[in-house]
Every structure is written in structure tokens, then in C-alpha cells.
Amino acid sequence: MSAPMTPDREQIRAEVDRLRARVAELEAQHAAALALHRTYDDSAHCVADDEPWPCTTRTALGQSAPALTEDPHDGPLHHSYAVGRDLPEADPARCHRDGGAS
Ligand SMILES: [Zn+2]
């Protein structure tokens, strides 16, 4: 009996690249469709299909462009935050020695 076939690292990378390219392609198509379906300046109807605003296409696509995704954790704008539980435990003796009235 042989082990089930598992994709190797190169196959996974190729698939990730292919899917990222597909997502970019679909986001571009979505943005192009959103740009076509807009109101006339002087009427609440869609320029592309003359339906009352919001037209069925615009409703199906959503009113706005896709939400921005979170900045990746290795991105240049990433900032890690420390919360209380990440901080070292307070040392009461040291607080007494360094702070307060003496
Ligand atoms: Zn429309």
C-alpha cells in the first residue's frame, strides 16, 4: 500500500500563484463593472442599463469596491501591539523603590 499523493512545495507555490492571479483578474473585472454601472448626473437611473438606482447589477456587485485587505504581517506598515498580558509582570518592590514620594 502506498501513501496518498501529496503535492510538493513547488506545486503548492504554483497553485498559489495561479489563484492570486485569478483573484486579481476577478477584482479587476469587478471594479470595471462597478465603474460602468453608475447614475446619470441628473437622474437616479443607471447609465449602463437605465434601471432605477441601484440597478440589479450594482446591487449584486455591492455598492463599493472590495474592502481593502489587512496589511500583511511582513508588510512595511505592520506594527505589532503589546497588550497588558504581553508585558512583564509588575514588581511591587521596584515600583515602591523607584516611584512615589520618598
Ligand atoms: Zn446598472
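Shown above is the structure to which this text applies.
How each quantity is defined
- Residues numbered from 1 in each chain as written.
- Predicted model: local features only at pLDDT ≥ 70, side-chain atom pairs only at ≥ 80, totals over all residues.
- Helix = DSSP H or I, 4+ residues; strand = E, 2+ residues; numbered from the N terminus.
- Buried ≥ 20, exposed ≤ 12 C-beta atoms within 10 Å, placed from the backbone.
- Contact = placed C-beta atoms within 7 Å.
- Expected span 1.5 Å × (residues − 1).
- Pairing = 2+ DSSP bridges.

Participant: Please set out the overall build of the chain residue by residue, giving values where relevant.
Facilitator: Within the chain, the regular secondary structure consists of 3 helices and 2 strands. Starting at the N terminus and walking to the C terminus, you meet the elements of the chain as α-β-β-α-α. Counting all 102 residues of the chain, 3% fall into the buried class. Looking at the chain alone, contacts between residues at least 24 apart form 24% of all its contacts between residues at least 6 apart.

Participant: Explain helix H1 (residues 9–36) residue by residue, including any values.
Facilitator: Look at H1: 41 Å from first C-alpha to last across 28 residues, which is about the 40 Å you get at 1.5 Å a residue. Here H1 lies mainly on the outside; 0 of its 28 residues are buried.

Participant: Tell me what's going on with unusual backbone geometry, and back it up with residues and numbers.
Facilitator: With an omega of -5°, the peptide bond running from Trp 53 to Pro 54 counts as cis. Turning to its location among the elements, Pro 54 is positioned in the loop between strand S2 (43–46) and helix H2 (56–61). Non-glycine residue Asp 50 carries a positive phi angle of around 65°. Here Asp 50 is to be found in the loop between S2 and H2.

Participant: Before we move on, could you go through the pairing of S2 and cite the residues and values that matter?
Facilitator: Both faces of the sheet carry side chains from a regular strand, because those side chains alternate between them. Pairing of strand S1 (residues 39–40) with S2 involves 2 bridges; the strand directions are antiparallel. Among the inter-strand pairings, Thr 39 is bridged to a residue of S2, identified as Cys 46. Adjacent in sequence and paired antiparallel, S1 and S2 are bridged by 2 residues.

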